[in-house]
Amino acid sequence: MSNKNHSVVSVRKHTLEFGKKTFCMGILNITPDSFSDGGKYLDPEIALEKALELEKDGADIIDIGGESSRPGSDTISAKEELNRIMPVLKELVKKIKIPISIDTYKPEVAKEVLEAGADIINDITGLHNNEQLAKLVAKYDAGIIVMHMLGTPKTMQANPQYKDLIGEIIAYFKKSIDIAKVNGIKEDKIIIDPGIGFGKTIEHNLEIIRKLSAFKSIGRPILLGTSRKSFIGNILNLPVNERLEGTAASVAIGIMNGADIVRVHDIKEMKRVIKIADAIKYPKEIRIGE
């Protein structure tokens, strides 16, 4: 398999080289109400311990969220979000060697976390109508993940409809990239995420994974987040804590179809999935047995 999609993303002091392996992003939700692990890591010491465990288990990036974006969730204030994130982030930047991503769309939050040493902002609004956030990311020379979402977390699963699913998401990303560039973010800092479960039916989610390679036309690394999501639960008729195998299947197929980063809860298990998928996908890059 050729490396025509090889690219390098520099995020502050870190360099991520895509096209040779799949990166694994570990999820750390410091929230009371996230769909999978809400309430487990509200204590800063427990959250810090979990973050270090994610790194030890093989995460290449850690993604920290202080506000739930599950379907139907309500927004919280920037102050509350920062109260959850900052005690963990301030300690984590001293102890961790991998890049730290913060899952936020609020400029007030982004300013504080970037000042504290975060490397990437993961924006579920894709920078749409958020030029202030784009300017902050540019100022701190950080990375940006722009995600596609139809509507808001409160409304996104209320009968989502598309005339051309893949085409509309590609157009959305092109607008995101334009906003980023106009506000000073270099294109090589941008990662795209088609937003599995964010304003999509089960059929939409499956079509995105099936046609993921279509997003390669944009020329940016692709992040795929399927871990434990409801489409897996609906297909298998299983609760959130029994979706490991379903997640593994979606991760493996996603990697083969073009995912450069997979965002997951179960690092140790998904690293094994990634290793097999990468051995198939990147035979010249992956040394068997290492």
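Please read all numbers here as calculations on a predicted model, not as lab measurements. (Residues numbered from 1 in each chain as written. Predicted model: local features only at pLDDT ≥ 70, side-chain atom pairs only at ≥ 80, totals over all residues. Heavy atoms only, no water.)

### Some details on unusual backbone geometry
The backbone of N129 shows a phi angle near 60°, a positive value even though the residue is not glycine. Along the polypeptide, N129 turns up in the loop between strand 6 (120-123) and helix 4 (131-139). Phi angles above zero are rare outside glycine, and R228 is one such case at about 60°. Examined against the element boundaries, R228 turns out to sit in the loop between strand 9 (223-224) and helix 7 (230-236). Its relative accessible area of 18% is what places R228 among the buried residues. (Helix = DSSP H or I, 4+ residues; strand = E, 2+ residues; numbered from the N terminus. Buried < 20%, exposed > 50% of the residue type's maximum accessible area, 1.4 Å probe, protein only.)

### Examining the pairing of strand 7 (residues 143-147)
In terms of burial, strand 7 is a largely internal element, 5 of the 5 residues being buried. Burial of the side chains of strand 7 extends over both faces: G143, I145 and M147 are buried on one face and I144 and V146 on the other. Bridging between strand 6 and strand 7 involves 4 bridges; their strand directions are parallel. The partner of I121 across the bridge, within strand 7, is I144. One ladder, built from 4 bridges, connects strand 7 with strand 8 (residues 190-193); its direction is parallel. (Pairing = 2+ DSSP bridges.)

### Focus: helix 1 (residues 44-56)
Each turn of an α-helix holds 3.6 residues, which means side chains three or four residues apart point in the same direction. The terminal C-alpha atoms of helix 1, which comprises 13 residues, lie 18 Å apart, in line with the 18 Å expected from a rise of 1.5 Å per residue. Residues of helix 1 that are buried include every one of A47, L48, K50, A51 and L54, and no others. Angularly, the buried residues of helix 1 cover 160° about the axis, an arc narrow enough to put them on a single face. Residues of helix 1 that are exposed and angled more than 90 degrees away from the buried face: E45, E49 and K56. Buried residues belonging to helix 1 abut strand 3 (23-29), strand 4 (61-65), helix 2 (78-95) and helix 9 (267-281). Where helix 1 terminates, the next one or two residues include G58, which has phi positive at roughly 115°. (Expected span 1.5 Å × (residues − 1). Arc of directions from axis to C-beta. Contact = heavy atoms within 4.5 Å.)

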